[in-house]
Structure formats: C-alpha cells, structure tokens
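Chain and residue survey
Spelled out from the first residue to the last, the chains are:
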Amino acid sequence: MKDVHATLASSLESFRAELFDFLRIPSVSARSEHDEDTRKAGAWVVERMRTAGLTAELLETDGHPVALGEWRGAGPDAPTLLIYGHYDVQPAEPLELWTSPPFEPEVRDGRIYARGAADDKGQLFLHLAALHILLGTRGSLPVNVVVLAEGEEEVGSPNLLPFVERWQERLAADAVVISDSAMFAEGLPSLLFSLRGLAYAEIRVQGARSDLHSGAYGGAVPNPAMALARILATLHDETGRITLPGFYDDVVAWDEETRAGVAALPFDEEAFREGTGAPGLSGEAGFGTLERLWVRPTCEVNGLLSGYTGQGAKTVLPAQAMAKVSFRLVPDQDPARVIAQLRSHVAQVAPTGVTVEVVELHGGRPWRARPGGVFFEAARSALEEAFGVPPVLTGEGGSIPIVTEFERILGAGAILLGFALPGANMHAPDEWFPDNHLERGIETLLAFYSRLDASFPASSAPAGPAGSSGTDANR
Ligand code: BES
Ligand code: MN
Ligand code: MN
C-alpha cells in the first residue's frame, strides 16, 4: 500500500485544485437559468472519471443527465460496487449571508467553503480520487466499479427511478456505497443505520376572487390566511404527535440494540441547541433529541405565503394563502400513503367558505441499513484505520430518496459513510467541508479497497482472460 499512500500525499494539492474547479461550477439543479452549468458539472464528472481510468459517459434523462462511469476489469466473477453521489447543489441564496462567494471556493481555518463542498461534490470527489490513485498506481481494483452521479438529487431525483429501472442490468451490483452525509462528530466517524423519507406537499387555500379591502369586507368574507393557520394548527396535538389518522400505523419500533446504541452516543444536547441559536428545543414527548431526529417521523411547515408582507401596514383581506408542508418519514412509512392521509385530514378540518387544495410535490422512502456483510465490515475497519477510532452507528434525519429504490431494484445493500461534519451548513450559507477530510476521506476509501483486496483476491492477472475460475470472488 506504500505506493498508493505516497501517491495520495503527492497528489493532494492537485486534488484540492481539481475539487475547487468542480465547486466553481454553479450546478443549481432547481434553477433553469443554471441548466447549462448543471450539465457542465455532469460533463466534468465524466471527464474526471475518464482521467481516473474508468470508461464514462453522460446519459440523458428527461431532466439533468446522469454521469455514469464503469471499470469492469475485475472480471465477471468478481463482485461489483455501485458508487452513488450527486453533482447538483442547492441554490446558494441568500448570497449576502456568505462570508466568501458560494462558487468561489476558499480555505479558511481548515475548512473548504463553497456551495456543494459537503453536499455532495466534495464527497463524490473523494471516490473519484481514490479510484484514480488505485487505477493509476496498480492498474486494478479487487471489485468492478460503477459510479453513478446524478444531477437532480436536490430536486427529489424525479428522473432517477426510471433511469435505474431502464439500466437495471448495467447497474447490477453487490453493494451500493454512498458518501453524502456527516460523521457523528469531529474525530468520530460513523456508518448510517437509517435515513428518513420524505412526503412533500403544498396546501393552497382560496377565498375571494381577488384581494379585498379588509375593512369593507373583513368579518363577512372568509380569510384564507386564518383558515390556513387553523388547518396547520391541527397537524400536531399538544404532545407533539402528528394527528393524521393512521399516520403511525407503519412506523416500526426500533430494536433495543439500536436504541441502546443511540442512547450511548456522546451527544451534548445543549451544544446542539447552542449550534442552532434557537432559544430552546422541542419535539414529540417521550423521545430524546437524537430519537426525534432519526427514528421518529415529523411534520414541518417549510414555507408560508399570504397577504401583504412588505414594509408598513396594508389593510387587505388576502384572496389566497399557501403553505409548503413536508413530513419526514421513518421505516416503513410510505410517502404516497401519507399524502393521502394529509388530503383526507385537510378535507375534514378545512373551514367553510374557502376552497382547499393539497398538491403533492415530491417524496422518497425511508431507509434502514442491514449492517453486516463483507462490504459493511470493510467500511467499518477502513474508517477505523483512517480515523483511529471505530465508527459509531448513527441515524440521519435527512433523506436520499434513491437509496431504498437501489436496494429494491438492484437487490444490493447500501452502505452510507459520510465525511462531512455536523454544522457543515448543507443547504445554508457558508457550507463547508473539512480540508483535512480530503486526505482522510481518500485514505478511508483506499483502506476500504484494500480490505476488499483481502476478501476478493484477484482470480487472475489484471489483464488475464475474463471469467477464469474465481474462487473466493464468487460470493
Ligand atoms: N445529502 C443530503 C441528505 C443529508 C443531509 C444527509 C444531511 C445527511 C445529512 C441530500 O442531498 C439532501 O439534501 N436530501 C434532501 C432530499 C430532498 C431534496 C428530496 C433532503 O433531505 O431534504
Ligand atoms: Mn446530498
Ligand atoms: Mn442536499
């Protein structure tokens, strides 16, 4: 392994410069004015995969393209890894809250600041760099590798499911590896045991045909803003439980081992609160903060719009009100079912005199890991080697909608090892990724492949005939 570590050390600076080039492309998938940039970022990934020694192409979808890279030199008898990441980023607004411009990456205090530094360009890049080093120094890997980088994760991956179904055979894999999350704490790496799912909807309330004078009409004509507030107020009871009938029917109880593991984590609740700046914490009664974040479902208002919100006062009776409402889901909740429950609940509680409409936006299923197995154990010991301590098992409150679909369609278990740190400001101003995790992350992945080397020794010389009788490579 000496050659690869020496290569990592001597390549680190150019890797950082390359990552900066990647971060400079404003691939904001949500904004059509950035469509060209988003495609450019996909093309950048394709080029970078080719430089690393993979064959790669940009495959079209009905939205932003997928960058797909392949290295199948381990032969048909060796296992295959699918590495997933995304090259699109969230919008950077509000720009005035950034210390340095979002698409002009900069290192300050050991942190790389840029939109996408943590989510997910920086983490996707670690995988490309590790493959580059291994293929460059040794010319081979113990496993076949397929890298799928999509450009629509931040808008709910609307075209990825049909893509995975269409290319099911090409994407066939024994494990899916994803770095798009955070470690539990600095110096304490983690492997995820869960991701929450998502069900996102818009509630639209319509009253009068247009805005009215609130003196001339108010009191006699219904107010959509008040109607919406009433509807929203019914979504939780006073203990913080969600009131939709049947909402908790599919929520599975977590096993004692997982709960005990969560309880044993070194979690500083006051530091967590302080990090948010909120005066206090709140949530579902009977659960601790980490449980509220990881193993319990939630309902949140993500946005509200109605009436006059400009300077000063305007006496107006709004004609419309709108709320963006999303639910984070846990196994085995189904997003479509939750939206249906929301629809019937809203119909039930809607005040008279207004029309209320629930429009489904996007969704994704929750995910629960199946720990164990060669790949999971390789990830565990690789993290321990790179960080000096074994990883803890943690949940994650965020969502990566395609993970459960990968497992369902491809039959491969997913392994989520993230290298960002808590407080990375994903989706927020001043997003950052620890500069030293560029090296640590790549080291982890090198160690990961070296573990796989031991589990799947090459069945033939790298250039040898494909299919020559593998022994241990047959799983
Ligand atoms: N990488 C995040 C998910 C995540 C966030 C993992 C924080 C770990 C820590 C991903 O890019 C994301 O933002 N997902 C969205 C999904 C949505 C757009 C469908 C999310 O969770 O809101
Ligand atoms: Mn992400
Ligand atoms: Mn994200």
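Note that the structure is predicted; figures quoted are calculated from it, not measured.

**Things to note about the overall build of the chain**
Of regular secondary structure, the chain possesses 12 helices and 19 strands. Counting only C-alpha atoms, the chain reaches 85 × 45 × 45 Å along its principal axes. Looking at the chain as a whole, 51% of its 475 residues are labelled buried. Looking at the chain alone, contacts between residues at least 24 apart form 79% of all its contacts between residues at least 6 apart. Only carbon and sulfur atoms are counted for the fraction: they give 50% of the accessible area of the chain, which is about 20,500 Å². Taken together, the 38 basic and 64 acidic charged side chains of the chain have centroids lying 3 Å from each other.

**Some points on the sheet that holds strand β3 (residues 80–86)**
Judged by pairing direction, the sheet is mixed, and its 6 strands sit side by side in the order β1-β2-β6-β3-β7-β18 without closing on themselves. Looking at which strands have only one partner, the edges of the open sheet turn out to be β1 (55–59) and β18 (413–416). Going across the sheet, the axis of each strand differs from the next one's by a mean of 20 degrees, ignoring polarity. Across 5 bridges, the pairing between strand β2 (residues 66–71) and strand β6 (residues 144–150) is antiparallel.

**Quick look at the coordination of the manganese ion (ligand 2)**
Distances from the manganese ion (ligand 2) to its protein donors, H86 (NE2), D119 (OD), D180 (OD) and D180 (OD), fall within 2.0 to 2.3 Å. Its 6 donor atoms give the manganese ion (ligand 2) angles of 57 to 169 degrees at the centre, a pattern that matches the irregular case.

**Section: the packing of aromatic side chains**
One pass over the full model with this rule turns up 14 aromatic pairs. An angle of 5 degrees between the planes, with centres 4.3 Å apart, marks the rings of F22 and W44 as stacked. Of this pair, F22 sits in helix α1 (residues 2–23) while W44 sits in helix α2 (residues 35–52), placing them 22 residues apart in sequence. Residue F22 is classed as buried on the basis of its relative accessible area of 0%. By relative accessible area, W44 is classed as buried at 18%. One aromatic cluster is present, built from ring pairs that chain together F15, F22, W44 and F125. Its guanidinium or amino end placed over the ring of F22, K121 lies 5.1 Å from that ring's centre, counting from NZ or CZ. When the ring centre of W254 is taken as origin, the NZ or CZ atom of R368, which lies over that ring, is 4.0 Å away.

**Structural notes on the packing of helix α3 (residues 121–137) against helix α12 (residues 436–455)**
Two elements in contact, α3 and α12, have axes whose closest approach is 9 Å; the angle formed by their N-to-C orientations is 55 degrees. With respect to each other, α3 and α12 are oriented oblique. Crossing angle aside, the handedness with which α3 passes α12 is right-handed. Seen from α3, the contacting residues are F125, L126, H127, A129, A130, L131, I133 and L134; seen from α12, they are H437, L438, G441, I442, L445, L446 and Y449. Among the residues forming the contact of α3 with α12, the class breakdown is 12 nonpolar, 3 polar and no charged.

**Points about the nonpolar core**
V45, L81, F448 and Y449 are the most contacted members of the largest nonpolar core, which totals 74 residues. In terms of residue count, the dominant contributor to this core is α3 (10 residues). Excluding its chain neighbours within four sequence positions, the residues that come into contact with Y449 are L81, I83, L131, L134, P142, V143 and V145.

**Description of helix α5 (residues 224–233)**
Every buried residue belonging to α5 is among P224, A227, L228, I231 and L232, and all of these are buried. Along the axis of α5, the buried positions cluster into a sector of 135 degrees, meaning they face one direction only. What points out from α5, more than 90 degrees from its buried face, is the exposed set M226, R230 and A233. Along its buried surface, α5 packs onto β10 (197–206), β12 (298–306), β14 (320–329), α9 (335–349) and β15 (355–364). Where α5 begins, the side chain of N223 points an oxygen toward the backbone nitrogen of A225, at a separation of 2.8 Å.

**Focus: the coordination of the manganese ion (ligand 3)**
Perfect tetrahedral coordination of a metal by four donors corresponds to 109.5 degrees between them, and perfect octahedral coordination by six donors corresponds to 90 or 180 degrees. Every protein donor of the manganese ion (ligand 3) is accounted for by D119 (OD), E154 (OE), E154 (OE) and H427 (NE2), and the metal-donor separations fall at 2.1 to 2.5 Å. Of note is the manganese ion (ligand 3), whose 6 donor atoms meet at the metal with angles of 56 to 155 degrees in an arrangement that counts as irregular. Here the manganese ion (ligand 3) and the manganese ion (ligand 2) are spaced 3.6 Å apart, linked through D119, which binds each one. In this pair, E154 is assigned in the loop between β6 and α4 (160–166) and H427 in the loop between β18 and β19 (432–434), connecting sequence segments 273 residues apart. The class of H427 is partly exposed, set by a relative accessible area of 42%.

**Description of the environment of L54**
Its place among the elements puts L54 in the loop between α2 and β1. For L54, a relative accessible area of 6% translates into the label buried. Residues L54 and L131, spaced 77 residues apart in sequence, show a C-alpha to C-alpha distance of 8.6 Å.

**Some points on the site of ligand 1**
The environment of ligand 1 is made up of 16 residues, and the closest members are E153, D180, R328, S399 and H427. Within the contact set of ligand 1, an oxygen atom lies 3.2 Å away from a side-chain nitrogen or oxygen of H86. Contact with the protein chains hides 89% of the accessible area of ligand 1, taken as 510 Å² for the molecule alone. Its residues assigned to classes, the shell around ligand 1 comprises 3 nonpolar, 7 polar and 6 charged. Two domains each put at least three residues into the shell around ligand 1: domain 1 (2–195 + 366–455) and domain 2 (197–253 + 291–364).

**Digging into the sheet that holds strand β4 (residues 106–108)**
Taken in spatial order, the 3 strands line up as β4-β5-β19 in an open sheet, and their pairing is antiparallel. Looking at the sheet topology across the chains shown, the edges are occupied by β4 and β19. Across this sheet, the average inter-strand angle for adjacent strands is 30 degrees, counted without regard to direction. Strand direction decides the pairing type here: β4 and strand β5 (residues 111–113), joined by 3 bridges, are antiparallel. Pairing of R108 across the sheet is with R111, part of β5.

Reading the values: the criteria
Residues numbered from 1 in each chain as written. Chains lettered and ligands numbered in written order. Predicted model: local features only at pLDDT ≥ 70, side-chain atom pairs only at ≥ 80, totals over all residues. Heavy atoms only, no water. Helix = DSSP H or I, 4+ residues; strand = E, 2+ residues; numbered from the N terminus. Buried < 20%, exposed > 50% of the residue type's maximum accessible area, 1.4 Å probe, protein only. Contact = heavy atoms within 4.5 Å. Areas by Shrake-Rupley, 256 points an atom, 1.4 Å probe, with all protein chains shown as cover. Lys, Arg positive; Asp, Glu negative; His and termini not counted. Charge placed at Lys NZ, Arg CZ, Asp CG, Glu CD. Pairing = 2+ DSSP bridges. Axes fitted to C-alpha atoms, helices over the stretch in contact; angles between N-to-C directions. Donors = N, O, S within 2.8 Å, 3.2 Å for Na, K, Ca; no water. Tetrahedral: all angles 85-135°; square planar, octahedral: opposite > 155°, others 65-115°. Phe/Tyr/Trp six-rings, centres within 6.5 Å; stacked < 30°, edge-to-face > 60°. Lys NZ or Arg CZ within 6 Å of the ring centre and 35° of its normal. Parallel < 35°, antiparallel > 145°, perpendicular 65-115°, else oblique. Left-handed = near helix turned anticlockwise from the far one by under 90°. Nonpolar A, V, L, I, M, F, W, Y, C, P; charged D, E, K, R; others polar. Core = buried A, V, L, I, M, F, W, Y, C linked by side-chain atoms within 4.5 Å. Arc of directions from axis to C-beta. Polar contact = N/O pair within 3.5 Å; in protein donor to acceptor, adjacent residues only side chain to side chain. Near = heavy atom within 4 Å. Domains from an automatic or database assignment.

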